[in-house]
Amino acid sequence: MISKQPSIILVEPQLAENVGMTARAMMNCGLYELRLVNPRENHLSEKAIAASSGAEKILQSAQIFNSTEEAIADLEQIYATTARHRDMIKPVETASYAAENMTQALQNDIRCGILFGPERTGLHNEDVCLANAIIEIPLNPEHCSLNLSQAVLLVGYEWYKRQINAPELQFITNKTTLADKEKVLQFLKYFEDKLDNCGNFRQSEKRERMIINLRNIFTRNQLTLQELNTLYGIINYLNRHQPD
């Protein structure tokens, strides 16, 4: 568990299932501190537990508060998630920008929390005015409404990916390894010889261009030793079964 993390604060959540799905979204993103302000339904009901899909420990450790002021009292930096600016003078940040700020703040022992409003109405002005900044998730203006757990997942993921520094791209080779250029070129020479033998390069003036095109096909990909062996086997099979 990542020790320094923001608290997720659900203000007056209405449905137990949504609280459960929020717990699931939180665990997806390594977030474990859930605070509930006046939940309408029991967050430990069967519906909530089932919707959490294995994240019930977040529900079991959730704290209950009577007001938003009580829920944020021990925190120092608060974000309010809303699609409406509510005519307030506040910084409006994307989830990505806010996640970066939260990461830095938490590293400096500044305790952070993120407010999410009721499913039907979103946060009230009285809640938004308590926040240091607003988080706005840019979405299609024709339909920017999010389910509560979706909003938590989007904001939580932006924070989480800054904690794990996941590589942008991975190439999984399983039980084989990448073939070095020497082996790739050996294969290409073998392939070209076979094509020569079967008369594929009849027009000598086009031979150079055809070989360049052929080599481009194979050298721009990351071939593994297993793949080269498969290609050798295919060529040898076709060569043995050539019609007379």
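Figured I'd write up the structure that's included with this text. (Residues numbered from 1 in each chain as written. Predicted model: local features only at pLDDT ≥ 70, side-chain atom pairs only at ≥ 80, totals over all residues. Heavy atoms only, no water.)

What follows deals with the overall build of the chain. Along the backbone of the chain there are 10 helices and 7 strands. Against the 2.2 N^0.38 benchmark of 18 Å for 244 residues, the chain shows a C-alpha radius of gyration of 29 Å, more extended than a compact globule. Taking the principal axes of its C-alpha atoms as reference, the chain extends roughly 85 × 40 × 40 Å. Counting across all 244 residues of the chain, residues that qualify as buried make up 38%. (Helix = DSSP H or I, 4+ residues; strand = E, 2+ residues; numbered from the N terminus. Rg over C-alpha atoms; globule rule 2.2 N^0.38 Å. Buried < 20%, exposed > 50% of the residue type's maximum accessible area, 1.4 Å probe, protein only.)

In terms of nonpolar packing, the biggest core is built from 33 residues, with Ile-8, Leu-10, Leu-34, Ile-114, Phe-116 and Ile-135 touching the most fellow members. Broken down by secondary-structure element, the contributors of at least two residues to this core are strand 1 (7-11), helix 1 (16-28), strand 2 (34-37), helix 3 (56-60), helix 5 (95-107), strand 6 (112-116), strand 7 (133-135) and helix 7 (148-164). For this core, the element with the highest residue contribution is helix 5, accounting for 6 residues. Excluding residues that lie within four positions of it along the chain, Leu-34 makes contacts with Ile-8, Leu-10, Val-19, Met-26, Ile-58, Leu-59, Ala-62 and Gln-63. (Core = buried A, V, L, I, M, F, W, Y, C linked by side-chain atoms within 4.5 Å. Contact = heavy atoms within 4.5 Å.)

This structure, assessed with the given rule, holds 0 disulfides. You can see Cys-29 has no disulfide; the closest cysteine sulfur is in Cys-112, sitting 16 Å from it. For Cys-112, a relative accessible area of 2% corresponds to the buried category. (Disulfide = S-S within 2.5 Å.)

Turning our attention to the packing of aromatic side chains. Aromatic ring pairs: the centre-centre distance and the angle between the two ring planes describe each pair. In this structure the tally under the stated criterion is 5 aromatic pairs. Relative to Tyr-232, the ring of Phe-187 lies with its centre 5.2 Å away and its plane at 90 degrees, an arrangement referred to as edge-to-face. Placement of Phe-187 in helix 8 (residues 181-197) and of Tyr-232 in helix 10 (residues 225-240) is noted, with a sequence separation of 45 residues between them. Three or more aromatic residues joined by ring pairs form one cluster here, namely Phe-187, Tyr-190, Phe-191, Phe-218 and Tyr-232. (Phe/Tyr/Trp six-rings, centres within 6.5 Å; stacked < 30°, edge-to-face > 60°.)

A few words on the side chain of Gln-5. By secondary structure assignment, the location of Gln-5 is in the segment before strand 1. At 3.3 Å, the side chain of Gln-5 and the backbone oxygen of Gly-30 are in polar contact. A distance of 2.6 Å separates the side chain of Gln-5 from the backbone nitrogen of Tyr-32, its partner in a polar contact. (Polar contact = N/O pair within 3.5 Å; in protein donor to acceptor, adjacent residues only side chain to side chain.)

Turning to helix 8, a few remarks are in order. Along its 17 residues, helix 8 runs 24 Å from first to last C-alpha, staying within 8% of the 24 Å computed at 1.5 Å per residue. Those residues of helix 8 lying buried are Val-184, Phe-187, Leu-188, Phe-191, Glu-192 and Leu-195. Projected down its long axis, helix 8 shows its buried positions confined to an angular sector of 135 degrees, all on one face. Opposite the buried face of helix 8, at more than 90 degrees from it, the exposed residues are Glu-182 and Asn-197. Where helix 8 is buried, its residues meet helix 9 (204-219) and helix 10. Phi for Gly-199, located one or two positions after helix 8, is positive at around 80 degrees. (Expected span 1.5 Å × (residues − 1). Arc of directions from axis to C-beta.)

Where helix 8 contacts helix 9, the axes come no closer than 11 Å and their chain directions differ by 140 degrees. By the angle between their axes, helix 8 is oblique relative to helix 9. In this structure, helix 8 crosses over helix 9, and the sense of that crossing is right-handed. Residue-level contacts link Lys-181, Val-184, Leu-185, Phe-187, Leu-188, Phe-191, Glu-192, Leu-195 and Asp-196 of helix 8 to Arg-207, Ile-211, Leu-214, Arg-215, Phe-218 and Thr-219 of helix 9. Of the residues in the contact of helix 8 with helix 9, the class split is 9 nonpolar, 1 polar and 5 charged. (Axes fitted to C-alpha atoms, helices over the stretch in contact; angles between N-to-C directions. Parallel < 35°, antiparallel > 145°, perpendicular 65-115°, else oblique. Left-handed = near helix turned anticlockwise from the far one by under 90°. Nonpolar A, V, L, I, M, F, W, Y, C, P; charged D, E, K, R; others polar.)

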